[in-house]
Amino acid sequence: MTVEISVAILVFFLTIILAVYNQRQASALRGMERLVQDFVAMQIRDRRTRHIDGLADRIDPLDWLARQASSELDTPLIISDVMRVVQDIQAVELRASDGLRVIVSTLPKSDVMRFDRRLRAMGIKKNAAERVASFASRPLLGKSRWGWGVQTIERVMSQANEFFDIEADAVSERLGLKWGKPSRLYFYVVK
């Protein structure tokens, strides 16, 4: 009986010793994990800093936007010019060479549609001068009241490249917008 009790006590102490040892080992591994994560973050930060230098001057906004939108389309998109910049919702309306219009915004489709509804409500003008002035504030999605006929392309930083937010910020700066390093952009292709 004393042998059984001494074996049980020995097993109990070995369990405690192993538990303490495993805790120390896990703590050391967590420390190594943090060290590696900090090292990787430092490398990413250095790459991003090098990429930022002069980016606003060397990036072509229309080409960059066309490449982002074309990644989800069957045929490559060629953007010919900027039709207008809508500061109210931080969006830009672009004309593609094949007659399509592309609206780029940081806002989801529901917010753009809400903006369009507001414009339609204010769009009932009486004289010619008011009608001409309202042309500049025409709805972004065109005649589509419910978003039908509009192809939505969502580009997310996690699916693009690690410089997506920096490049998007430089493009918005060149276009006169303030997107502020977005992690997500919406491209609305209107036929």
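Being a predicted model, the structure only gives us computed values, none of them experimental.

Definitions and cut-offs
- Residues numbered from 1 in each chain as written.
- Predicted model: local features only at pLDDT ≥ 70, side-chain atom pairs only at ≥ 80, totals over all residues.
- Heavy atoms only, no water.
- Helix = DSSP H or I, 4+ residues; strand = E, 2+ residues; numbered from the N terminus.
- Buried < 20%, exposed > 50% of the residue type's maximum accessible area, 1.4 Å probe, protein only.
- Contact = heavy atoms within 4.5 Å.
- Areas by Shrake-Rupley, 256 points an atom, 1.4 Å probe, with all protein chains shown as cover.
- Pairing = 2+ DSSP bridges.
- Patch = residues over 30% accessible without salt bridge, like charges linked within 9 Å, V, L, I, M, F, W, Y side chains within 5 Å.
- Salt bridge = Lys/Arg side-chain N within 4 Å of Asp/Glu carboxyl O.
- Phe/Tyr/Trp six-rings, centres within 6.5 Å; stacked < 30°, edge-to-face > 60°.
- Core = buried A, V, L, I, M, F, W, Y, C linked by side-chain atoms within 4.5 Å.

1. Comments concerning the overall build of the protein
So, point 1. Broken down by element type, the protein carries six helices and five strands.
So, point 2. Buried residues in the protein amount to 34% of all 191 residues.
So, point 3. For the protein, contacts bridging at least 24 residues in sequence account for 64% of all contacts bridging at least 6.
So, point 4. Just so you have it, the protein exposes about 12400 Å², and 59% of that area is on carbon and sulfur atoms.

2. Re the pairing of strand β2 (residues 91–96)
So, point 1. Buried residues dominate β2, accounting for five of its six residues.
So, point 2. Pairing geometry for strand β1 (residues 79–86) and β2, over six bridges, is antiparallel. Bridge pairing in β2 places valine 86 opposite alanine 91.
So, point 3. Linking β1 back to β2 in an antiparallel pair, the connection comprises four residues, with glutamine 90 at a positive phi of about 55°.
So, point 4. Where β2 lies against strand β3 (residues 101–105), five bridges are found, and the strand directions are antiparallel. By the bridge assignment for β3, leucine 94 is matched with valine 102.
So, point 5. Here β2 folds back onto β3, and the loop between the two strands holds four residues, one of which, glycine 99, carries a positive phi near 90°.

3. Let's talk about a nonpolar patch on the surface
So, point 1. Residues Met1, Ile5, Ile9, Leu10, Phe12, Phe13, Leu14, Ile16, Ile17 and Val20 make up a contiguous nonpolar surface patch of roughly 1000 Å² in combined accessible area.
So, point 2. Tracing the backbone shows isoleucine 5 in helix α1 (residues 2–52).
So, point 3. Look at isoleucine 5 and you get partly exposed, because its relative accessible area is 45%.

4. Describing the packing of aromatic side chains
So, point 1. Going through the model one piece at a time under the given rule, you end up with three aromatic pairs.
So, point 2. When the centroid spacing of 5.7 Å and the interplanar angle of 40° are considered together, the rings of tryptophan 64 and phenylalanine 164 count as tilted. Taken as a pair, tryptophan 64 in helix α3 (residues 61–70) and phenylalanine 164 in helix α6 (residues 164–175) lie far apart in primary sequence, 100 residues in all. For the pair tryptophan 64 and phenylalanine 164, one class covers both residues: buried.

5. Considering the nonpolar core
Nonpolar side chains in soluble globular proteins tend to be buried together.
So, point 1. By size, the foremost hydrophobic cluster in this structure holds 29 residues, and its most contacted members are Trp64, Leu65, Leu77, Leu94, Val104, Leu185 and Phe187.
So, point 2. Of all elements in the fold, only α3, β2, β3, α6 and β5 (184–190) reach the threshold of two or more residues within this core.
So, point 3. Element by element, the count of residues in this core is highest for α6, at six residues.
So, point 4. If sequence neighbours within four positions are ignored, leucine 185 has contacts with Trp64, Val104, Ser105, Thr106, Ile153, Glu154, Arg155, Phe164, Ala168 and Trp179.
So, point 5. If you look at the next biggest cluster of nonpolar residues, it comprises 14 residues, including Val112, Leu119, Val150 and Val190.

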